[in-house]
Amino acid sequence: MQIVYDDAIAGRNVIFESILDEVIGGASLNVARLDTTKKYVKAGAPVYYVPATRVMELCKTVAVIDGGSTSAPRVGKTHFFKVGDVIGDGTTAQVILSIDTTSDDYDVLTLGSTIATAATAGTKLFQGTVSGSSAVLAYTPNGVLKNDVYIGDGNADGGIVTIGNVRESALAYPMPTLFKVALRGGTSGTGTSLITFTT
């Protein structure tokens with residue numbers, strides 16, 4: 001007798017093609033800077049890790065979607081930005097004055113002034129330090145999360161991959177070019193991580 005299955009089995013969302021090195025024992029993720037209503041930070045998220053304290057900071061990113069403006073961009077809802085954060089595109093950065101989360105499909109960030117690319121779908125925005133003409137990152141990534149981390153109960157531990165290959169199409173958060181350069185060892189090639197990306 002032949003058994004026929006009608007239901008297809010969904011494929012796994014594989015993030016890592018290879019892992020060659022990681023931070024043994026992981027580190028504690030600082031959630032004070034995050035919107036903890038999101039509950040989970042997904043594997044593959046870029047992080048900045050401090051070995052001396054074994055604390056890591058999430059390097060916040062978000063992608064622009066259609067329908068917003070240069071001073072009030074629409075963005076996907078899987079971000080961790082908060083009011084008061086500085087957000088930019090690598091050329092210009094502005095302070096987030098408010099976040100409208102009423103839509104089920106997107107959030108609207110009201111900015112202190114304009115970012116020229118903020119109305120262009122696909123633009124990858126990330127957290128900076130000062131508003132104006134600045135490409136300074138709030139945190140420069142030196143690893144990516146190995147596993148999903150639950151943040152609903154405060155600081156939580158997670159693994160950090162420092163050398164390996166990541167499937168960019170599987171990531172929950174956009175990966176700006178500046179982050180990719182940093183994760184490949186920086187422009188000087190002397191950084192502490194070596195993460196490469198495939199589609």
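No experiment lies behind these values; they were computed from the predicted model shown. (Residues numbered from 1 in each chain as written. Predicted model: local features only at pLDDT ≥ 70, side-chain atom pairs only at ≥ 80, totals over all residues. Heavy atoms only, no water.)

Another point: the overall build of the chain. A tally of regular secondary structure across the chain gives one helix and 16 strands. Here the C-alpha atoms of the chain give a radius of gyration of 18 Å, agreeing with the 16 Å that 2.2 N^0.38 yields for 199 residues. Summarising its shape, the C-alpha atoms of the chain cover approximately 65 × 45 × 35 Å along the three principal directions. For the chain, with 199 residues in total, the buried portion stands at 43%. A separation threshold of at least 6 residues defines the contact pool for the chain, and within that pool the share at least 24 residues apart is 70%. Of the roughly 10,000 Å² that the chain leaves accessible, carbon and sulfur atoms contribute 52%. Each charge class in the chain was averaged separately, 15 positive and 18 negative side chains, and the resulting centres sit 4 Å apart. (Helix = DSSP H or I, 4+ residues; strand = E, 2+ residues; numbered from the N terminus. Rg over C-alpha atoms; globule rule 2.2 N^0.38 Å. Buried < 20%, exposed > 50% of the residue type's maximum accessible area, 1.4 Å probe, protein only. Contact = heavy atoms within 4.5 Å. Areas by Shrake-Rupley, 256 points an atom, 1.4 Å probe, with all protein chains shown as cover. Lys, Arg positive; Asp, Glu negative; His and termini not counted. Charge placed at Lys NZ, Arg CZ, Asp CG, Glu CD.)

What the rule picks out here adds up to four aromatic pairs. For the ring pair F126 and F179, a centre distance of 5.7 Å and an interplane angle of 45 degrees mean the geometry is tilted. On the criterion of sequence distance, the pair formed by F126 in strand β11 (residues 124–127) and F179 in helix α1 (residues 177–183) is long-range, its members being 53 residues apart. Taken individually, F126 and F179 each receive the classification buried, so the pair is uniform in this respect. One Lys or Arg, K38, reaches over the ring of F80 and ends 5.8 Å from the middle of that ring. Sitting above the plane of the Y40 ring, K42 keeps its charged end 5.7 Å from the centroid. (Phe/Tyr/Trp six-rings, centres within 6.5 Å; stacked < 30°, edge-to-face > 60°. Lys NZ or Arg CZ within 6 Å of the ring centre and 35° of its normal.)

A few words now on empty space enclosed by the protein. It is the rolling of a water-molecule-sized probe over the atoms that shows where space remains empty. A complete count under the given rule lists one cavity of 30 Å³ or more for this structure. Considering only enclosed or pocket space, the largest cavity measures out at about 50 Å³ in volume. For the lining of the largest cavity, the class distribution of residues is four nonpolar, one polar and one charged. (1 Å grid on protein atoms, 1.4 Å probe; cavity = no way out; pocket = protein on both sides within 12 Å on 5 of 7 lines; lining within 4 Å. Points joined across faces, edges and corners; volume = space filled by probe spheres on them. Nonpolar A, V, L, I, M, F, W, Y, C, P; charged D, E, K, R; others polar.)

With that settled, consider the environment of T192. Relative to the helices and strands, T192 is located in the loop between α1 and β16 (194–198). According to the relative accessible area criterion, T192 is exposed, its value standing at 65%. Sequence spacing of T192 and T129 is 63 residues, and the spatial spacing of their C-alpha atoms is 22 Å.

Bringing the layout of surface pockets into the picture now. Put simply, the largest pocket is a space of about 170 Å³. Around the largest pocket sit T140, P141, N142, L178, V181, A182, G185, G186, T187, G191, T192 and S193, which together line it. Looking at the lining of the largest pocket, its residues break down into four nonpolar, eight polar and no charged.

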